Each structure stands twice: as C-alpha cells, then as structure tokens.
Amino acid sequence: MSNAAATMVKNQATDAPAVDARQELTDGFQLVIDALKLNGIENLYAVPGIPISDLLRMAQAEGMRVVSFRHEQNAGNAAAIAGFLTKKPGVCVTVSAPGFLNGLTALANATTNCFPMILISGSSEREIVDLQQGDYEEMDQLAIAKPLCKAAFRVLHAQDIGIAVARAIRAAVSGRPGGVYLDLPAKLFSQVMDAAEGAKSLVKVIDPAPAQLPAPSAIARALDVLKGASRPLIILGKGAAYAQADDEIRALVEKSGLPFLQMSMAKGLLPDTHPQSAGAARSMVLKEADVVLLIGARLNWLLSHGKGKSWGEPGSKKFIQIDIEPKEMDSNVEIVAPVVGDIGSCVSALLAGIDGSWQAPPAEWTGAITARKDANIAKMAPKLMKNTAPMDFHGALGALRRVVKERPDAILVNEGANTLDLARGIIDMYQPRKRLDVGTWGVMGIGMGYAVAAAVETGKPVLAIEGDSAFGFSGMEVETVCRYNLPVCIVIFNNNGIYRGTDVNPTGGTDPSPMVFVPGSRYDKMMEAFGGVGVQATTPDELYRAVSEAMDSGKPTLINAVIDPAAGTESGNIGSLNPTSSVRKMPS
Ligand code: ADP
Ligand code: TZD
Ligand code: MG
C-alpha cells in the first residue's frame, strides 16, 4: 500500500465500499488518472486549487504532462484544440464554481466547433449544494454544463470512475465530436477502495469513434448529381481536416479534377497553392458553381447559409453534403444528395465511383477560375511587398507569408478582426491542421490556449498572429509559454485598438473611445518580464527577420508589430453583420 493510500483510509467517505486497512488500496484521485492513462490521455490542461490540486500533482508524478495555466478559459481552449489536432479528447481540469465557469466558455466553444474535449471539474459537497446551504464555491455545475455540451456526467462513487471516463471519451469523439462535462465532487477523490477492484473497474474504450459507412444508394445519388454538373465545386471544412482522411481527400480532388475551396481551418488540407484551388477566386466560384460538394463544412453564417447574394441566382445550386451528423442535412437549404457517414469512409466510397466513365469538369469552368485567380493574385502581389513604417496589414502579412512558406510544418494560430481576415486570405497553408483560429463563433481569446496546446501536442514551432485586442483576452499566458519554454512566437498586430486605433471620444472628454487602447503600447516588454524574447518591429523586413529568428531558435518570443492605426476597417471582413445606428452617425 502506498503512503498516500494509507492516509486516505482515514478520509474514507461513508458511501465508499468497506475496506480493510491491510488491503492494497486505491482512491478516487488515482482512479481518475489510471482511467485517463489507460485511454491514452497523456496531457492535462488545468488551473489547480481545491479540490483538484492533488489530482494534478499525482498526474504529474505518474508521468502525465500537466500544463498549468493562469486562467481556465485558456486551459479549456488548449484542451479543445488538442482534441482537434489529435482526434482524442483534450482534457481540461478546473476547480469548482468560478473555475468551472471560466472553463465553460471553452467547453461550449469546443462543442460549437465539433472539437472533442472533456472538462473535468471538481465540485463542492452535493448535500450542501443541493440544499443551497452556502458551501465553499457552491454551484449545481452539472445542470449548468448540460445545455452547453454533448453530454454531462457526475460520478459519486469511486468504483464508477472507470465507466464514467469511458462514457465521457466515447461521447466526445463518436459521431459529431464535441465537449463533454465530467463532474467530480471533492468527496469522490478521497474515497478509497480495494486496488484490485479499482483496476477491474477501469474501461479501455474500444473503437471510440467507429467508422460510419455511407449507404451505397447515397453514394450513387451523390455521384449522379456530380456527373450532371457543368460548374462543380468542392468545399472542404474543418470537419474534413479533423477527420485525418488527408490522402483520400487529396485523391478525390485530384482524380475528379474538381476545383476546391478550403474553409479557414481546412486550409492546407491540400496546399493553397494547388492548381485546383479556387481560393483566390472565392466569390466567383460561390456565385457561379452549379453543384457544390460540401465535405465537413456546415452551411452556417460562414457560408452565408447557402443562399443570398453571394450564392448567385436563387435556385441555381444543387448541394451534396458529406457529414457525420444526419441532422445537419437541410439545415439551411435543401441538400439534394445527403451523404451521412464519416468523411474517410464517404470520400473513399465516392472515390471508388470516379472511374473510367468519369469526365473532368469542363475546361471552360476550370479555365475561368484559373484566369480569375491569376488576376486576383497579381493584383494582391504588390501590396504584399510594401516595406513601409508604420506597416499596413498587407505589408506585415506579406512578410509572415514568406515565413510560413519557408516553414510549412509550423502551426499558425490566428485571431483578431482585420488581423484575422487578412491573414486568412494572404497566408498560404501547405499542410493539414496547421491553421487554428477563431472558428465557428469568431471568438476572441483562443490565441494563447491554442498556441500552448499546439506546441505541446505536436512539438512543432507555433506562430501566433494576434490582433492587439484579441491578444488581450489570453495575454497573461505568455508567462505559461515562458514557464514551459515552448517554441511559440507571438506577433501582435498593434494598431492601438479594435479594428483601428483612431476612434475618439465624441464628447471631447478625457475618457478614450471604447475602441482604442494605450497608443504605442510595448507588448514585447511583457515577454521580457518572464524571461522570453521581446522585439519591436516597425517594418516588414524587421518583422520577417525577427519572426524567422524566433521560429528557428524555438525561444518564446513576442514581437510587437507596429501597424498604422488607420489601416484597418470596421469589423474586418464582416462589417455587414455589424448593426450601426441610424439615429446618430458614429465615425468608424
Ligand atoms: P467549417 O467552419 O470549416 O465550415 P464546420 O465546423 O462548420 O466547418 O463543419 C464541420 C462539420 O464536420 C460538422 O458538421 C461536423 O459534424 C462534421 N464532421 C466532423 N468530423 C467528422 C467526421 N469524422 N466525419 C464526417 N463529418 C465530420
Ligand atoms: N469578445 C469575444 C469573446 N469575441 C469577440 N469576437 C468579441 C468580443 C468582439 N470582437 C470581434 O469580433 S474582433 C475583436 C473583438 C473585441 C477585436 C478586434 O481587434 P483586434 O484586431 O485588435 O484584435 P484588428 O486587427 O485591430 O482588427
Ligand atoms: Mg487591433
């Protein structure tokens, strides 16, 4: 019996199985760790405190990597993106009520984005919480988590930990992936039970995300529609990136000869420079395509719900959709050929139908796309070469585009408004799952959590391109980046504010506009405070040199990139979603 287990005997909860002090014992802490490890979970993203401090200490002692953050939202975001990158649930561990709530935004965001994640939170005494008698950090966490995730479970007995962890893993990764909440009351951790019984209670999940084969008739229908197209288009979404069916997707694209668009986090599934990429002719192909094959992409706001002006004439499109979630079909517009199943299986089945009878798309269509692409790329090129001070977005992004081209295996994290929208368009990606960003909600604050987890999970260098506002949501984690000595280079696009740094208080009062920050802030000094490298860059050349050096050295680095405060536009790319007052005209 270990010393820890021996002392736990004294803490034995009344509802735990009876134990004899001479038995080999285990406890709730140990069983949670054993259950996670048995299922291949190697990393925990957490903020410690009552009642989970010993869980984290013991996990580290048992060889798990425990990454301790400064705020739970960042730990949660790290877990979520670990799930996206690995197809295994990322695990975040938080303390009760406030810690739990801080982590909950990330859990909800993971669910919205279809990333598998488990939020494990300690909770307070059930008896006191349920009678609302004012326990330390009292909250009915299970009820609050439930509507924001795929599944939520609470464990009251140590002997149920194994099955609960198994259920959580299966719920997170099977079908459409998403967030799962696991509520572990403080008392559970110190419950003791016979070690052999404990070991027997653990469950190794077999085939946690089973293949879901599409019906042959659905494949035949989809092929029929595709064959009847004169202006076909494939749209790849982040579900396709998540599925890790990279070879099958590439084969389908190349064998069929179809032009393709990649949604933000799908960029790099095929290189953006691929001859069939229609990325630089996006508006044209959305408007003019007659058949659109969606692979792991939803027709949500990011695709204008599949209708409206950007989609051309009403009724001019037929949609084929591959998705693991049957309810996704017809969510916004009619799907004439729904293909329900996992992307690997569905794409393979379609590929088998691209045989001798297959005809490449008409040259008139592919030729028109290439012409538009070439024209747009030529128009953009000089903007990306500008070497002025202060920089504008294009000049700075032109420099970073070169950095990424030279290091195609680096991971790019990106958030902000102009900083996000322009980087997405300008920076070509070359490999799958290398671009991580604000996703389905357009949420600010994912930056440092994603950057830390990307480095921890892949060991690759990470480049985080951050609006100065966006960075502020998770900026304290630069200490975490330094503490774990991670190969993360953060570039702050510092334009003194949200969208722009030029707004003024219309009353002439001393308070600044709500849209601006302290002008000329030196974010690079924050990094120096924690022993990292801080650099101020005022020209694209300086920026290129500083980022290249950081990426090569792997040293935690923050570069304050001075951007013209007047260069950005209101709400970046999505100004049309921003209501403005017709009563009072505000400058923007
Ligand atoms: P994007 O924002 O890139 O357009 P979305 O997040 O809207 O992508 O869509 C991703 C879709 O992929 C979701 O509808 C999800 O159900 C689906 N999906 C995720 N994983 C798989 C998989 N392995 N097989 C099939 N569909 C998947
Ligand atoms: N809060 C959260 C959690 N998510 C959000 N998306 C917002 C607030 C609103 N918001 C945006 O949509 S973008 C943005 C905010 C605050 C910041 C834009 O400023 P930035 O980028 O400095 O990051 P640019 O380059 O100045 O445009
Ligand atoms: Mg800004």
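Structural notes, computed from the coordinates. Counting of residues starts from 1 at the beginning of each chain's written sequence and follows it residue by residue. For this description, chains carry letters from A and ligands carry numbers from 1, given in the order in which they are written. Since the coordinates come from a predicted model, pLDDT governs what is reported: local features require at least 70, and pairs of side-chain atoms require 80 or more to be given and counted, while whole-chain, interface and lining totals use all residues. Side-chain figures throughout are based on the complete set of non-hydrogen atoms in the structure, without hydrogens or water.

Only DSSP runs of H or I covering at least 4 residues are called helices, and only runs of E covering at least 2 are called strands; the numbering of each starts at the N terminus. With respect to the helices and strands, the residue Ala168 is situated in helix 8 (residues 161–173). For Ala168 and Gly344, which are 176 residues apart along the polypeptide, the C-alpha to C-alpha distance reads 23 Å. Among residues more than four places away in sequence, those in contact with Ala168 are Ile118, Phe153, Val180 and Leu182. By definition, residues are in contact when any of their heavy atoms lie within 4.5 Å.

Excluding water, the donors of a metal are its N, O and S neighbours within 2.8 Å, or within 3.2 Å for Na, K and Ca, and that exclusion means sites may look incomplete. Bound to the magnesium ion (ligand 3) on the protein side are Asp468 (OD), Asn495 (OD1) and Gly497 (O), at distances that span 2.0 to 2.1 Å. Every donor residue of the magnesium ion (ligand 3) comes from the same chain, spaced as D-x26-N-x1-G. Of the two residues, Asp468 sits in helix 20 (residues 468–472) while Asn495 sits in the loop between strand 17 (488–494) and helix 22 (524–529), which places them 27 residues apart along the sequence. Judged by its relative accessible area of 3%, Asn495 falls in the buried class. Relative accessibility decides the category of a residue: with a 1.4 Å probe and only protein chains considered, values under 20% of the type maximum give buried, values over 50% give exposed, and everything between is partly exposed.

As a structural note, the neighbourhood of ligand 1 is formed by 20 residues, with Arg176, Lys238, Arg298, Asp323 and Ile343 the closest of them. Within the contact set of ligand 1, an oxygen atom lies 2.8 Å away from a side-chain nitrogen or oxygen of Arg298. Ile324 has a polar backbone atom sitting 3.1 Å from a nitrogen atom of ligand 1. Each accessible area is a Shrake-Rupley result for a 1.4 Å probe, and residues are judged covered by the shown protein chains and nothing else. Its free accessible area being 580 Å², ligand 1 has 96% of it covered by the protein chains. Ranked by the residues each element gives to the shell around ligand 1, the list is headed by helix 12 (residues 238–242), at three residues. For the shell around ligand 1, a count of residues per class yields eight nonpolar, six polar and six charged. Source of the domain bounds: an automatic or database domain assignment. Residues lining the shell around ligand 1 come from more than one domain, with at least three contributed by each of domain 1 (3–201) and domain 2 (216–371). A single heavy atom is enough: if one lies within 4 Å of a molecule or strand, its residue is considered near that molecule or strand. What qualifies as a polar contact is a pair of N or O atoms within 3.5 Å, subject to a donor-acceptor requirement within protein and to the restriction that residues adjacent in sequence count only when both atoms come from side chains. Ten residues, namely Ala, Val, Leu, Ile, Met, Phe, Trp, Tyr, Cys and Pro, are considered nonpolar, four, namely Asp, Glu, Lys and Arg, are considered charged, and the remaining ones, Gly among them, are considered polar.

Between any two strands, at least two bridges found by DSSP are needed for them to pair. Here six strands make up an open sheet; going across it, the order is 15-14-16-17-19-18 and the pairing parallel. The strands lining the two open edges of the sheet, one partner per strand, are strand 15 (435–437) and strand 18 (533–537). In this sheet, neighbouring strand axes are inclined to one another by 15° on average, regardless of whether the strands run parallel or antiparallel. In terms of strand pairing, strand 14 (residues 411–415) meets strand 16 (residues 462–467) through five bridges, oriented parallel. Bridge pairing links Leu412 to Leu463 in strand 16. Docked against the sheet, helix 17 (residues 393–406) engages strand 16 and strand 17, running at close to 165° with respect to strand 17. Lying over the sheet, helix 19 (residues 447–458) contacts strand 14, strand 15, strand 16 and strand 17, oriented at roughly 175° with respect to strand 16. Note on geometry: axes are lines fitted to C-alpha atoms, helical ones only across the stretch in contact, with angles between N-to-C directions running from 0 to 180 degrees.

This brings us to the nonpolar core. Ranked by size, the top nonpolar core spans 93 residues in total, and within it Tyr45, Leu236, Ile295, Leu436 and Ile490 carry the most contacts. For Ile295, the residues in contact, after removing those within four places along its chain, are Ile234, Ile235, Leu236, Gly237, Ala240, Leu252, Ile322, Ile343 and Val347. Among the buried residues, those of types Ala, Val, Leu, Ile, Met, Phe, Trp, Tyr and Cys that are joined through side-chain atoms within 4.5 Å form a nonpolar core. By size, the runner-up hydrophobic cluster in this structure holds 41 residues, among which are Ala46, Val93, Ala172 and Met193.

Here we take up unusual backbone geometry. The peptide bond linking Ile50 to Pro51 adopts the cis configuration, its omega dihedral lying at 5°. Among the structural elements, Pro51 can be located in the loop between strand 2 (43–46) and helix 3 (53–61). In this structure, Pro390 follows Ala389 across a cis peptide bond, with omega equal to -5°. With respect to the helices, strands and loops of the structure, Pro390 is situated in the loop between helix 16 (363–384) and helix 17. Phi angles above zero are rare outside glycine, and Lys87 is one such case at about 65°. Among the secondary structure elements, Lys87 is positioned in the loop between helix 4 (72–86) and strand 4 (90–94). Of note, the phi angle at Ser571 is positive, near 60°, even though the residue is not glycine.

Our focus in this paragraph is the site of ligand 2. Looking at ligand 2, there are 17 residues lining it, with Asn418, Thr419, Gly442, Asp468 and Asn495 nearest. Taking Ala470, its main chain carries an N or O atom lying 2.9 Å from an oxygen atom of ligand 2. Interatomic distance of 3.0 Å between a backbone N/O atom of Gly497 and an oxygen atom of ligand 2. Protein contact buries 75% of the 600 Å² of open area that ligand 2 shows by itself. For the shell around ligand 2, the secondary structure elements donating two or more residues are helix 18 (418–426) and helix 20. Tallying contributions element by element places helix 20 first for the shell around ligand 2, with three residues. Classifying every residue of the shell around ligand 2 gives eight nonpolar, eight polar and one charged.

Attention shifts here to the pattern of salt bridges. Criterion for a salt bridge: a side-chain nitrogen of Lys or Arg within 4 Å of a carboxyl oxygen of Asp or Glu. Summed over the entire model, instances satisfying the criterion amount to 23 salt bridges. Of the charged contacts, one joins Arg435 and Asp437 as a salt bridge, the two residues approaching to 3.0 Å between their closest N and O atoms. Taking the relative accessible area as the measure of exposure, Asp437 reaches 3% and is therefore buried. The network of salt bridges with common partners includes Arg70, Glu479 and Arg483.

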